[in-house]
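Observations on chain architecture
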Amino acid sequence: MLKKSITWVLGCAALVVAGAAAAQPATGPLELAPDAPDKHVVVRGDTLWDISGKFLKSPWRWPEIWQLNKDQIANPHLIYPGDIVYLDRSGDQPRLRLGRSVDTLAQAGGSGGTDRATRVEPMVRSAPLDRSAIPTMNLSAIQVFLNRPLIVEEDALKTHPRIVATQDGRVYLSRGDLAYARGITDESVTDWHVYRPAKPLIDPATRQPLAWETLYVGTASMIRKGDPATLRIQGTAEEIGEGDRLMPAERAGVPSFAPRPPSAPVDGRIISVYRGVDQVGKYSVVAISIGKAQGLEVGNVLAVQSTGRLIVDRQTKEPVKLPNEAIGQLLVFRVFDKVSYGLVVAAAQPISIGSTVTNP
């Protein structure tokens, strides 16, 4: 089988990304971590986010320290275990470069030892594309949310197909059981997600529903068309029963996370913690009250702030609102019209419903 290959040009023990340009400026100068190393040897299990966190106080700003432009951050570096990341402090702004040890270069045709400067000629390094490059970040915390039905609009609640009967009149169905559904208008769709409307997500300002959050309960495949259509349950996350609704299943896509601040000022609130938990920490999934309508995009990083309390000045008797305090950060990974879902990537203290989300 013919293997495609990628070409890396190396010189002087460092790899410079071809055509790299400065990333879009974020908020203030880059700050290095207090104990930032001069280099890091990539190991299996590393992520681009983790590596950047060794060098930066704010690891989400990795496109800047790698000095990538907007197009490049969509598909940044192909970094493999055994590669070496070097911190270059020589310029006005710190920069990361990718390279190989002198020993490794010597094996490829150069000369030299381990810790001495050795002049080497530029060389070509080829590797098959199926080699396991490290990912941008660990997606395990959000993998199950990438294609499951999380949000439905009010009209969809009325129009999505629904299960009207179960095999032998059972109260709940499990894998392999039959379900009967009405309302399937597109008979070309064979694979379905089964969901249960869980609760409305309320706008904290207007107190009106922004959308309805669903409870994913399983998957089903249509085995017989008609009204009602016959479906076989393929998998369950919760008990499936009469009244549950159907949404066409989508293939799980792996988004290309290019972390960056929103392009315009945003101001929202955390309105839900998935599955009803009141307080969350790092790697928890939350729903927020802003979405596409406010210009939010997948990959946007938001600052999480505690909402300042309202107090009364004892001397003047005037009401005073205390300032918000930064308590964490989240990365937006799914965006709907009026709401979005984010992964908490940093939490200095427990985060609760009602916390403010804004530009970092």
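Keep in mind it's a predicted model, so treat the numbers as computed, not measured.

In this structure, Pro228 follows Asp227 across a cis peptide bond, with omega equal to 10°. Counting through the fold element by element, Pro228 comes out in the loop between strand E10 (209-224) and strand E11 (229-236). Within the chain, Asp168 stands out as a residue other than glycine whose phi angle is a positive 60°. Looking at the secondary structure, you find Asp168 in the loop between strand E7 (162-166) and strand E8 (178-182). With a phi close to 70°, Tyr283 is a non-glycine residue in the positive phi region. Mapped onto the elements, Tyr283 comes out in the loop between strand E14 (279-280) and strand E15 (285-288). We classify Tyr283 as partly exposed; its relative accessible area is 48%.

In this structure the tally under the stated criterion is seven salt bridges. A salt bridge links Arg89 to Asp38; the shortest N-O distance between them is 3.7 Å. Taken together, the residues span a long stretch of sequence, with Arg89 in the loop between strand E3 (84-88) and strand E4 (95-99) and Asp38 in the loop between strand E1 (5-10) and strand E2 (39-41) at a distance of 51 residues. A salt bridge links Arg170 to Asp168; the shortest N-O distance between them is 3.6 Å. The class of Arg170 is partly exposed, set by a relative accessible area of 33%.

With 41 residues, the main nonpolar core has Trp66 and Tyr341 as its most contacted residues. For this core, the secondary structure elements donating two or more residues are helix H1 (48-55), helix H2 (62-65), E3, E4, E10, E15, strand E19 (325-335) and strand E20 (340-347). Considering every element that reaches this core, the biggest residue donor is H1, with four residues. With 17 residues, the next largest nonpolar core counts Ile270, Val280, Leu296 and Ile351 among its residues.

Following the sequence through the fold, Lys54 ends up in helix H1. According to the relative accessible area criterion, Lys54 is partly exposed, its value standing at 36%. The sequence separation of Lys54 and Ala33 amounts to 21 residues, and the corresponding C-alpha distance is 6.8 Å. For Lys54, the contacting residues outside a window of four places in its chain are Ala33, Ala36, Pro37 and His40.

So, about the confidence of the model for the protein chain. On average, residues of the protein chain carry a pLDDT of 78, and 77% of them reach 70 or more. By mean pLDDT, the top-scoring element of the protein chain is E8 (96), and the lowest-scoring one is E1 (27). Considering only residues more than four positions removed or in separate chains, one finds that residues 1-26, a stretch of pLDDT under 50, has 73 contacts. The low-confidence segment residues 101-130, where pLDDT is below 50, has 52 contacts with residues more than four positions distant or belonging to other chains.

Quick look at the sheet that holds E2 now. Spatially, the three strands line up as an open sheet ordered E2-E3-E4, and their pairing is antiparallel. Every other strand in the sheet has two partners, leaving E2 and E4 as the edge strands with one partner each. The mean inter-strand angle of the sheet, taken between neighbouring strand axes irrespective of direction, is 20°. Bridge count between E2 and E3: three bridges; the pairing is antiparallel. In the sheet register, Lys39 faces E3, and the bridge partner there is Tyr86. In the packing of H1 onto the sheet, the strands contacted are E2, E3 and E4, and the crossing angle to E2 comes to about 150°.

Criteria and thresholds
- Residues numbered from 1 in each chain as written.
- Predicted model: local features only at pLDDT ≥ 70, side-chain atom pairs only at ≥ 80, totals over all residues.
- Heavy atoms only, no water.
- Helix = DSSP H or I, 4+ residues; strand = E, 2+ residues; numbered from the N terminus.
- Buried < 20%, exposed > 50% of the residue type's maximum accessible area, 1.4 Å probe, protein only.
- Salt bridge = Lys/Arg side-chain N within 4 Å of Asp/Glu carboxyl O.
- Core = buried A, V, L, I, M, F, W, Y, C linked by side-chain atoms within 4.5 Å.
- Contact = heavy atoms within 4.5 Å.
- pLDDT = per-residue confidence, 0-100.
- Pairing = 2+ DSSP bridges.
- Axes fitted to C-alpha atoms, helices over the stretch in contact; angles between N-to-C directions.

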